[in-house]
Amino acid sequence: AYEPADLEMSDVPGQVRRLRPAAAEALREMFAACKEETGKTLLSVSGFRSYAKQDGLFQHKLRSVKKNKAKAMEYVAPPGASEHQTGLAMDIGQKHKETL
């Protein structure tokens, strides 16, 4: 049931942007560096996830791989084993069409 008390919204584009302060700052720096160095815009996809949210994602993946736990774990960490629950992890994507 662990949930960090100091989560904050990171001011980067995308979804589910709650992280611990040090991770949020590092994310902002990384997004800015990517934009400056490559011209590409990164998008946050999923930051902090509760145990319950991670369990839901894992159960969904289990169903999609016909209950093969090893196969599911290739894609999704089981609840209680995901760094997302610490508020220190972020899944990142890229904006597909850039207008320069």
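Above this note sits the structure.
Residues numbered from 1 in each chain as written. Predicted model: local features only at pLDDT ≥ 70, side-chain atom pairs only at ≥ 80, totals over all residues. Heavy atoms only, no water.

Structural notes on the overall build of the protein chain
Applied cut-off: Helix and strand labels come from DSSP, where a helix needs a run of H or I of at least four residues and a strand needs a run of E of at least two; each type is numbered from the N terminus. When accessible area is computed with a 1.4 Å probe and restricted to protein chains, residues below 20% of their type maximum are described as buried, those above 50% as exposed, and intermediate ones as partly exposed. Contacts are assigned to residue pairs with any non-hydrogen atoms lying within 4.5 Å of each other. Here, Shrake-Rupley sampling with a 1.4 Å probe gives the accessible areas, and only protein chains in the shown set may cover a residue. Note on charges: Lys and Arg go in the positive column, Asp and Glu in the negative column, and His and the chain ends are not counted at all. For the purpose of locating charges, the reference atoms are NZ of Lys, CZ of Arg, CG of Asp and CD of Glu.
Helix and strand counts for the protein chain come out as 3 helices and 4 strands. Seen in sequence order, the protein chain has helices and strands lined up from the N terminus as β-β-α-β-α-α-β. When the backbone C-alpha atoms are referred to their principal axes, the protein chain occupies close to 45 × 35 × 15 Å. The buried share of the protein chain, taken over its 100 residues, is 31%. Within the protein chain, residue pairs in contact and separated by at least 24 positions form 60% of the contacts whose partners lie at least 6 positions apart. Carbon and sulfur atoms form 54% of the exposed surface of the protein chain, whose accessible area is close to 6600 Å². Looking at the protein chain, you have 16 positive and 13 negative side-chain charges, and the mean spots of the two groups are 12 Å apart.

Considering the nonpolar core
Worth spelling out the cut-off: Definition used in this section: a nonpolar core is a set of buried Ala, Val, Leu, Ile, Met, Phe, Trp, Tyr and Cys residues joined via side-chain atoms within 4.5 Å.
In this structure, Val12, Leu19, Ala23, Ala24, Leu27, Phe31, Cys34, Leu42 and Met90 together form the largest nonpolar core, which totals 9 residues. Of all the elements, helix H1 (residues 21–38) adds the most residues to this core, at 5 residues. In this view, Leu27 contacts Ser10, Val12, Leu19, Met90 and Ile92; residues no more than four positions away in its chain are not counted. Residues Phe58, Leu62, Val65 and Ala72 belong to the second largest nonpolar core, which totals 5 residues.

Focus on H1
Quick note on the threshold: Multiplying 1.5 Å by the helix residue count minus one yields the expected span of that helix. As used here, the arc is the angular range of directions from the helix axis to the C-beta atoms.
Taking 1.5 Å per residue as the helical rise, H1 with its 18 residues ought to reach 26 Å, and the 26 Å between its terminal C-alpha atoms agrees with that figure. For H1, every residue scored as buried is listed here: Ala23, Ala24, Leu27, Phe31 and Cys34. Angularly, the buried residues of H1 cover 100° about the axis, an arc narrow enough to put them on a single face. H1 presents Ala22, Glu36 and Glu37 as exposed residues on the side facing more than 90 degrees away from its buried surface. Buried residues along H1 sit in contact with strand E1 (8–9), strand E2 (18–19), strand E3 (42–46) and strand E4 (91–94). The first or second residue beyond H1 is Gly39, which carries a positive phi of 80°.

Notes on the packing of aromatic side chains
Any aromatic ring pair is given by two values, namely how distant the centres are and how the planes are angled relative to each other. As a reminder, the rule being used: Classification of ring pairs uses Phe, Tyr and Trp, with its six-membered ring standing for Trp, and accepts pairs whose centres are within 6.5 Å; under 30 degrees between planes counts as stacked, over 60 as edge-to-face, and the remaining range as tilted. For a ring to carry a charge above it, either NZ of a lysine or CZ of an arginine must fall within 6 Å of the ring centroid while also lying within 35 degrees of the normal to the ring plane.
Counting across every chain of the model gives 0 aromatic pairs. If you follow Lys61 out to its NZ or CZ, it ends over the ring of Tyr75, 4.7 Å from the centre.

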